[in-house]
Amino acid sequence: MSSAITIRLGQRARQRIAAEGVQAADIAIIPAAAGGPKGLILNGLDLWLFGSWLKTAPRPRKLVGASIGAWRMAASAFDDPAAAHKRLARLYAHQRYPAKVTAAYVSQTCRALLDELLDGRAAEAAGHPHHHVSVLTARGTGALARTNGVRWRELAGFLLAAAGNAVSRDRLAGAMERVIFHNRHDHAHWLREPFDAFAGHFVELSPENLREALLASGSIPLVLEAVTAIAGAPGGAYWDGGLIDYHLHLPYQRDAGLVLYPHFSDHIVPGWLDKSMPWRRAGGADPALENVILVSPSASFVATLPNGKLPDRKDFTAYGQDHAGRIRDWTRAIAESERLADAFARWCDKPDFKETLSF
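Residues numbered from 1 in each chain as written. Predicted model: local features only at pLDDT ≥ 70, side-chain atom pairs only at ≥ 80, totals over all residues. Heavy atoms only, no water.

Caption draft 1: Examining the overall build of the chain more closely. Regarding its fold elements, the chain presents 13 helices and ten strands. In terms of C-alpha radius of gyration, the chain reaches 19 Å, essentially the compact-globule figure of 21 Å for 359 residues. Judged by the C-alpha coordinates and their principal axes, the chain covers about 55 × 45 × 40 Å. Each of the 359 residues in the chain was classed as buried or not, and the buried ones make up 57%. Counting every atom, the chain has about 14500 Å² of accessible surface; 53% of that belongs to carbon and sulfur. Where the 41 positive side-chain charges of the chain centre and where its 36 negative ones centre are 4 Å apart. (Helix = DSSP H or I, 4+ residues; strand = E, 2+ residues; numbered from the N terminus. Rg over C-alpha atoms; globule rule 2.2 N^0.38 Å. Buried < 20%, exposed > 50% of the residue type's maximum accessible area, 1.4 Å probe, protein only. Areas by Shrake-Rupley, 256 points an atom, 1.4 Å probe, with all protein chains shown as cover. Lys, Arg positive; Asp, Glu negative; His and termini not counted. Charge placed at Lys NZ, Arg CZ, Asp CG, Glu CD.)

Shown next as structure tokens:
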């Protein structure tokens, strides 16, 4: 296996690939994590998967994402996914913000970005017959339902939520609930049966609500405004889906097929507030991971990128008003991501288990 990627396999995935190889027809679910600019490093994989490999075996597939992951999965559901992924990478990398910026300004900028991404063709992504997109969002409850856009109330509400999460994720479920915007063809949604403490609501995606659902899924508290009045959805304030589902630790074992998870990290963190709690990472004998193929950039690959790291949200501050410098380095990282696709394509042709890892 090329040193550009790391591959982790669940036990059922390992056994199936050993017996049958890697078949595009076996891929049933593709998750896409939140993580802002980190998701740019998966552009090469997205282009190969949706622009080429998966097209060889069309079938209904579940594409589920939060934040930039939801944006990536929406791009994957266009009639021309390769063009959409190139457009998303360009638009995301070319964001520009003044030195002092308000949440309203960032929300307005992201709405304009999504308008360009959707390009008047929201119906394609919302109702694709084979690529069934699910957009994960977090709807505030309790104190987070009564912020009314007041910054100190938002801060107080999220501090309370973080304090509860420090005790347990079940406590976080008292501050927010999961709202899933899903493809209209996906009637018996695979997440309807409860699997954790978070209440769940299901809303059918439409051309009328796709943009706002995508915006809500990426609306980081205090950085963007909450999204409200989403067509067809329960009332309330909607926030970044990564608050609940940062790396999408979902019950993948419910599907008989394989889960192909292109990820910017080689581990899965359940929620955004769990990042500093390594003991909450999914792994070991977790049944949710038994049919997962996790593909991520290797440490040696990351070391070759500008600044020796993945693009991330801190770059907006680190580069300041040097927009050209940040765009140059992010664009280079996006171009380098083609190496990940090349490495994974070779592995799919001839899987090498000696260099794969387990969870």
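Caption draft 2: Spatial organisation of helix α4 (residues 81-93). Along its 13 residues, α4 runs 18 Å from first to last C-alpha, staying within 8% of the 18 Å computed at 1.5 Å per residue. Residues of α4 that are buried make contact with α2 (43-51), α3 (68-76), α5 (103-118) and α12 (323-336). (Expected span 1.5 Å × (residues − 1). Contact = heavy atoms within 4.5 Å.)

Caption draft 3: Representation of the environment of T331. As for its position among the elements, T331 is in helix α12. Accessibility expressed as a relative area gives 38% for T331, which makes it partly exposed.

Caption draft 4: A look at the side chain of Q95. As for its placement among the helices and strands, Q95 is situated in the loop between α4 and α5. For Q95, the side chain forms a polar contact with the side chain of Y97, separated by 2.7 Å. Excluding its chain neighbours within four sequence positions, the residues that come into contact with Q95 are C110, L113, F316 and R326. (Polar contact = N/O pair within 3.5 Å; in protein donor to acceptor, adjacent residues only side chain to side chain.)

Caption draft 5: Geometry of the environment of G35. Its place among the elements puts G35 in the loop between β2 (27-32) and α2. It is 6.6 Å that separates the C-alpha atoms of G35 and I68, two residues lying 33 residues apart in sequence. The residues contacting G35, other than those within four sequence positions of it, are I68, Y246 and F264.

Caption draft 6: The packing of aromatic side chains, seen in detail. Counted according to the given criterion, the structure contains twelve aromatic pairs. Between W71 and Y92, the aromatic rings sit 6.1 Å apart at their centres with planes inclined by 65°, giving edge-to-face as the arrangement. Taken together, the residues W71 in helix α3 and Y92 in helix α4 connect sequence positions 21 residues apart. Accessibility expressed as a relative area gives 5% for W71, which makes it buried. Arranged with centres 6.2 Å apart and planes meeting at 70°, the rings of Y97 and Y105 form a pair that is edge-to-face. (Phe/Tyr/Trp six-rings, centres within 6.5 Å; stacked < 30°, edge-to-face > 60°.)

Caption draft 7: Representation of the nonpolar core within the structure. Core analysis: the biggest nonpolar cluster contains 103 residues, and W53, F181, I293 and F344 have the highest contact counts within it. No other element matches the seven residues that helix α13 (residues 338-349) contributes to this core. If we skip the residues at most four places from it in the chain, F181 touches V133, S134, V135, T137, V203, L205, N209, A213, I230, A233 and Y238. Membership of the second largest hydrophobic core comes to 13 residues, among which are L144, A161, A175 and W239. (Core = buried A, V, L, I, M, F, W, Y, C linked by side-chain atoms within 4.5 Å.)

Caption draft 8: Representation of the side chain of S107. Tracing the backbone shows S107 in helix α5. For S107, a relative accessible area of 2% puts it in the buried group. Beyond its immediate chain neighbours, meaning those up to four positions away, S107 contacts L215, L224 and E225.

Caption draft 9: The arrangement of unusual backbone geometry in detail. Its identity is not glycine, yet N148 carries a phi of approximately 55°, on the positive side. Mapped onto the secondary structure, N148 falls in the loop between β4 (131-140) and α7 (151-167). For N148, a relative accessible area of 64% corresponds to the exposed category. If you check the backbone angles, L248 has positive phi at about 60° while not being a glycine.

Caption draft 10: Local environment of the packing of α2 against α4. Two elements in contact, α2 and α4, have axes separated by 8 Å at closest approach and are oriented at 165°. Compared by their axis directions, α2 and α4 come out roughly antiparallel. Crossing of α2 against α4: the hand is right-handed. Contact residues: N43, D46, L47, F50 and G51 in α2; P81, A82, H85, K86 and A89 in α4. Tallied by class, residues from the contact of α2 with α4 come to five nonpolar, three polar and two charged. (Axes fitted to C-alpha atoms, helices over the stretch in contact; angles between N-to-C directions. Parallel < 35°, antiparallel > 145°, perpendicular 65-115°, else oblique. Left-handed = near helix turned anticlockwise from the far one by under 90°. Nonpolar A, V, L, I, M, F, W, Y, C, P; charged D, E, K, R; others polar.)

Caption draft 11: The arrangement of the packing of α2 against α13 in detail. With their axes 6 Å apart at the nearest point, α2 and α13 run at an angle of 45° to one another. Classified by the interaxial angle, the pair formed by α2 and α13 is oblique. In this structure, the crossing between α2 and α13 has a hand that is right-handed. Here G44, L45 and W48 of α2 lie close against α13, whose contacting residues are E338, L340, A341, F344, A345 and C348. Here the residues of the contact of α2 with α13 are counted per class, giving seven nonpolar, one polar and one charged.

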